[in-house]
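Architecture at a glance
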Amino acid sequence: MPRRTAALLVAIALGSAAAAGCSSAAGPEPAGGSSSGAGAAASVPTPVVSAPAVSASTTPAPTPVAPTASASTEAPAPSSSSAPAPASVSVRGTVAEGLASPWGLAVLPGGDLLVSERDSARILRVPAKDGGKAVAGTVPGVTSGGEGGLLGLALSPDFATDHQVYAYFSTGSDNRIVRFDLDPSRPAGSQLGAPTLLFSGIPHGPRHNGGRIAFGPDGFLYAGTGDANDRSLAQDRDSLGGKILRLTRDGDPAPGNPFPGSPVWSLGHRNVQGLAWDPQGRLWASEFGQDTWDELNLITPGGNYGWPTVEGAAGRAGFTDPIAQWHTADASPSGIAFARGAVWVAALRGTRLWRVPVDGDRAAGAPQDFLKGEYGRLRTVAADGDGTLLLVTDNTDGRGSPRPGDDRILRLDVNGG
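Residues numbered from 1 in each chain as written. Predicted model: local features only at pLDDT ≥ 70, side-chain atom pairs only at ≥ 80, totals over all residues. Heavy atoms only, no water.

1. Things to note about the packing of aromatic side chains
Ring pairs (aromatic) are described by centroid distance and by the angle formed between their planes. Inclusion rule: Two aromatic rings from Phe, Tyr or Trp, using only the six-membered ring of Trp, form a pair when their centres are within 6.5 Å; if the ring planes differ by under 30 degrees the pair is stacked, by over 60 it is edge-to-face, and anything between is tilted. By definition, any uninterrupted DSSP run of H or I lasting at least four residues is a helix, any uninterrupted run of E lasting at least two residues is a strand, and each is numbered from the N terminus. Classification of residues uses two cut-offs on accessible area relative to the type maximum, computed with a 1.4 Å probe and protein chains only: under 20% is buried, over 50% is exposed, and between them is partly exposed. Here, over-ring charges are defined by two tests on the NZ atom of lysine or the CZ atom of arginine: distance to the ring centre within 6 Å, and angle to the ring normal within 35 degrees.
Scanning the entire structure with this criterion turns up five aromatic pairs. Considering the side-chain rings of Trp-326 and Trp-354, the 5.7 Å spacing of their centres and the 45 degrees angle between planes classify their relative orientation as tilted. Here Trp-354 lies in strand S22 (residues 352-359) and Trp-326 lies in strand S19 (residues 324-327), a separation of 28 residues in the sequence. Of the residues examined, Trp-354 reaches a relative accessible area of 0% and is grouped as buried. Aromatic rings pair up to connect Tyr-222, Trp-265 and Trp-277 into one cluster. The ring of Trp-307 has Arg-270 sitting right over it, with the charged end atom 5.4 Å from the ring centre.

2. A short note on unusual backbone geometry
Between Trp-307 and the following residue, Pro-308, the backbone shows a cis peptide bond with an omega angle of 0 degrees. Inspection of the secondary structure assignment puts Pro-308 in the loop between strand S18 (293-299) and S19. Of the consecutive residues Asp-406 and Asp-407, the connecting peptide bond is found in the cis state with omega at -10 degrees. Tracing the chain through its elements places Asp-407 in the loop between strand S26 (389-393) and strand S27 (409-416).

3. Examining the confidence of the model for the protein
Quick note on the threshold: Here pLDDT means the predictor's own confidence in every residue, given as a number from 0 to 100. Here a residue-residue contact requires only that any non-hydrogen atoms of the pair lie within 4.5 Å.
Here the protein averages 84 in pLDDT, while 80% of its residues score no lower than 70. Low pLDDT, under 50, characterises residues 1-21; the predicted model gives this stretch 92 contacts beyond four residues in sequence or across chains.

4. Let's talk about the sheet that holds S27
Through backbone hydrogen bonds, the strands of a sheet pair up, either in parallel or in antiparallel fashion. Quick reminder of the rule: Strands are treated as partners if at least two bridges between them are detected by DSSP. For helices, the fitted axis covers only the stretch in contact; all axes are lines through C-alpha atoms, and the angles between them, taken along N-to-C directions, range from 0 to 180 degrees.
Read from one edge to the other, the open sheet built from four strands follows the order S3-S27-S26-S25, with strand pairing classed as antiparallel. At either end of the open sheet lies a strand with only one pairing partner, and these are strand S3 (87-96) and strand S25 (378-383). Strand-to-strand twist of the sheet, defined as the mean angle between neighbouring strand axes without regard to direction, takes the value 25 degrees.

5. Remarks on the side chain of Asn-175
Formally: Under this definition, polar contacts are N or O atom pairs within 3.5 Å; protein pairs additionally need one hydrogen-donor-capable and one acceptor-capable atom, and for neighbouring residues in sequence, both atoms have to be side-chain atoms.
Within the secondary structure layout, Asn-175 lies in strand S10 (residues 175-181). Residue Asn-175 is classed as buried on the basis of its relative accessible area, which comes to 0%. At 3.0 Å, the side chain of Asn-175 forms a polar contact with the side chain of Asn-209. Here Asn-175 is in contact with Tyr-168, Phe-169, Ser-170, Ser-200, Gly-201, Ile-202, Pro-203, His-204 and Asn-209, once residues within four sequence places are set aside.

Printed below as a string of structure tokens:
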């Protein structure tokens, strides 16, 4: 198994500890803030920094992974470069509004967007130019309820030629991944081809269904799952719950996975809803805590991230500590993106966008928060090709306080950093 990288913990203690249960399950937050979105300076909280903690894994040694040039499985030693300067964020404008519990987001070649609606099972197409929206189609077989429904979206790495879209969704008995063709030449509402089932049997529950999917720089499909409200699943290597999975495009366990014949890439997760890679091919993931700590983790193959034995940094042998953590009232992190030398984290209960600057495999400075309370719950953030960020709100999911125009997709400009 590749060596565990020493993790530098940045712990943010901004508010009171959250109530028990899923950190995203709290009731509606106050509206607060302005709707202008003009945010020049962010508040920079004072972090609590601990000494790097090295965790020694107790899981069996995995089959060695042959990394590609762009997908390193071994994080390099931290550099000695100075911490990046603070950044500022401003909202350039609204890309789309009037969405109903949006969840997944994919940027098409040319700049159009696909967005999934959790409860309606619809996939909408948002043109890059006029900001309108049209229904591309409805995914059959989706069962919504609780935190389940139509969740993550991902484009095939060869989308420009194969036009294939991947989706993660809930049924009455499990969570699964399907693939279908997208044909924009067909009439609105019928642009999705018949789905092909690729992977099923991911544990499903009223809460903690994970749902984020993304293709890595190695060309394989990664999926974040939840423990389906059964915490014992996260440490069970034979269960698909509480894991990050790594699959081929056809839904088979990817070659080189740490446990031969298994789709499991990492374990010990409570509920993973954010996946992103940095330019060196390192995988970062966000994770919902329960009572105390939400996490940002640097993922290594075969790594055990502790849930439910530990929550947050524990410095215990056998478990990998997070790179950054927050009290659950300040985050409840869903989607993440890597841009401008930082991991950007969309916070639901925390109603803000976090920036965690990184230097190699460690945090490079104190996280900054932006847009606190201005747009309510934030579900997804994505880096766009023009250097901006796309931010998806989620105030219509039954836990937020919808405002006129909710839910919406915003385009953000990032300066500095």
